[in-house]
Amino acid sequence: MRKNTKTTNVKSDLFFIKEALKEAKKSLKKSEVPIGSVIVNKGKIISKAHNLMETLNDATAHAEIIAIRKASKKTNNWRLNNSIIYSTIEPCKMCYSVIEKSRIERVVYGCASLENNFVKPQAVNSQIINSPELEKVCRNIIQDFFIQTRTKGVEMTVKTKKSSKEKRNADRRKGSDKRWIGGNSPSFDRRKSDRRMGERREKK
Ligand SMILES: [Zn+2]
C-alpha cells in the first residue's frame, strides 16, 4: 500500500495543502464551511474545489467530490490512478468511498476530523500533513468559522427564518455537525447541549 515512497515529498505536500487552503478560503467568502481540496497527478494540479453544500443545496457537494468530478471531466476518465487528493480536513466517509472508487491512491489532509471512527478503504493511503503549523492553520479556519457562525446565530435566524428551520430539521436528522471539526463543538451542537443541560436542571 505504501509502495510510492516518492510521493511522501514533504515540500510538495505542504505546497498542495496550501493550495487546498486557498480553496477553503473561497468557501469562507460564500459563508460555506471552509474546506478545500486539490487533486494532483504527476506533480501537477488537475483540479481544485471547495465546499459548496449550501450554495448548491447539495449534500454531496463536498470539496473532495467536486474536485473528483472536475478531475474526471478534465482527464476524460473516471479512473484517477496515480493521483493524490489534498484536503484541508480529513475526508468524511462518503468522500473516502468516492476517493476509493475513483482509484485515487493517496490522501493527504490538513487536520483530523472527529468522524474518523469508520473503516477507511485499504486501497487508499491516507495521512495527515507532516507539518504541525499547517495542521493548525487548517484546523483554525474551520474552528473560527463555527465560532463566528455561533455569534452571528441570532442575526441569521431572523434573516433566514425558513431556511434555518429547514436546516435545524436536517441537522436533527443527520445528528450533528461535529464531524466537520476536530473536536470542538460548532453552533448546532452547542445549542443542543445547552438545551439538554437545561432539561437536566429542570428534572432536578
Ligand atoms: Zn466529504
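Below: a short report on this structure. Computed from a prediction, not measured in an experiment: that's the story for all the values here.

If you tally the helices and strands in the protein chain, you get eight helices and five strands. In the protein chain, the succession of α and β elements from N to C terminus is α-β-β-α-α-β-α-β-β-α-α-α-α. Buried residues in the protein chain amount to 31% of all 204 residues. Counted over contacts in the protein chain with a minimum sequence separation of 6, partners at least 24 positions apart contribute 53%.

Strand order in the open sheet made by the five strands is E2-E1-E3-E4-E5, with mixed pairing throughout. Two strands bound the open sheet, and with one partner strand each, they are strand E2 (44-50) and strand E5 (125-128). Averaged over all pairs of adjacent strands, the angle between strand axes in this sheet comes to 15 degrees, irrespective of strand direction. Where strand E1 (residues 36-41) lies against strand E3 (residues 83-89), five bridges are found, and the strand directions are antiparallel. Bridging across to E3, Asn41 finds its partner in Ser83.

The next thing to look at is the nonpolar core. The biggest cluster of nonpolar side chains holds 37 residues, and the ones touching the most others in it are Ile39, Ala67, Ile85 and Tyr86. For this core, the secondary-structure elements that each account for two or more residues are helix H1 (10-29), E1, helix H3 (63-75), E3, helix H4 (93-101), strand E4 (106-111) and helix H5 (132-151). Broken down by element, this core gets its largest block of residues, six residues, from H3.

What follows is about the pairing of E1. Counting buried residues along E1, five of its six residues qualify, which places the element largely inside the surrounding structure. Sheet topology places E1 next to E2; six bridges connect them, and they run antiparallel. Paired with Ile39 across the two strands is Ser47, which belongs to E2. The hairpin turn running from E1 into E2, its antiparallel successor, is two residues long, and Lys42 in that turn takes a positive phi close to 50 degrees.

A few words on the packing of H3 against H4. One way to put it is that H3 packs onto H4 with a least axis distance of 9 Å and a crossing angle of 20 degrees. The orientation of H3 with respect to H4, classified from their angle, is roughly parallel. Here H3 runs over H4; the crossing is left-handed. On H4, the residues that touch Glu64, Ile65 and Ile68 of H3 are Cys95, Val98 and Ile99. Class assignment for the residues of the contact of H3 with H4 results in five nonpolar, no polar and one charged.

Let us look at H5. Between the first and last C-alpha of H5 there are 28 Å, a value that for 20 residues agrees with the 28 Å anticipated at 1.5 Å per step. The complete set of buried residues in H5 reads Cys138, Ile141, Ile142, Phe145 and Phe146.

What follows is about unusual backbone geometry. The phi torsion at Asn76 lies on the positive side, around 55 degrees, for a residue other than glycine. As for its placement among the helices and strands, Asn76 is situated in the loop between H3 and E3. Positive phi, normally seen in glycine, also occurs at Arg103, with a value near 70 degrees.

Right, let's get into H3. A turn of α-helix holds 3.6 residues, and therefore any two residues three or four places apart point the same way. When the terminal C-alpha atoms of H3 are compared, their 18 Å separation across 13 residues agrees well with the 18 Å that a helix rising 1.5 Å per residue should span. Of all the residues in H3, the buried ones are Ala63, Glu64, Ile65, Ile66, Ala67, Ile68 and Ala71. One or two residues past the end of H3 sits Asn76, with phi positive at roughly 55 degrees.

Relative to the assigned elements, Thr75 resides in helix H3. Counting along the chain gives 28 residues from Thr75 to Ser47, while the straight-line C-alpha distance between them is 9.9 Å.

In this structure, Glu32 sits in the loop between H1 and E1. Separated by 113 residues in sequence, Glu32 and Phe145 place their C-alpha atoms 8.7 Å apart. Other than its neighbours up to four places away in sequence, Glu32 contacts Ser27, Asn51, Leu52, Met53, Glu54 and Thr55.

Reading the values: rules and limits
Residues numbered from 1 in each chain as written. Predicted model: local features only at pLDDT ≥ 70, side-chain atom pairs only at ≥ 80, totals over all residues. Helix = DSSP H or I, 4+ residues; strand = E, 2+ residues; numbered from the N terminus. Buried ≥ 20, exposed ≤ 12 C-beta atoms within 10 Å, placed from the backbone. Contact = placed C-beta atoms within 7 Å. Pairing = 2+ DSSP bridges. Axes fitted to C-alpha atoms, helices over the stretch in contact; angles between N-to-C directions. Core = buried A, V, L, I, M, F, W, Y, C linked by C-beta atoms within 7 Å. Parallel < 35°, antiparallel > 145°, perpendicular 65-115°, else oblique. Left-handed = near helix turned anticlockwise from the far one by under 90°. Nonpolar A, V, L, I, M, F, W, Y, C, P; charged D, E, K, R; others polar. Expected span 1.5 Å × (residues − 1).

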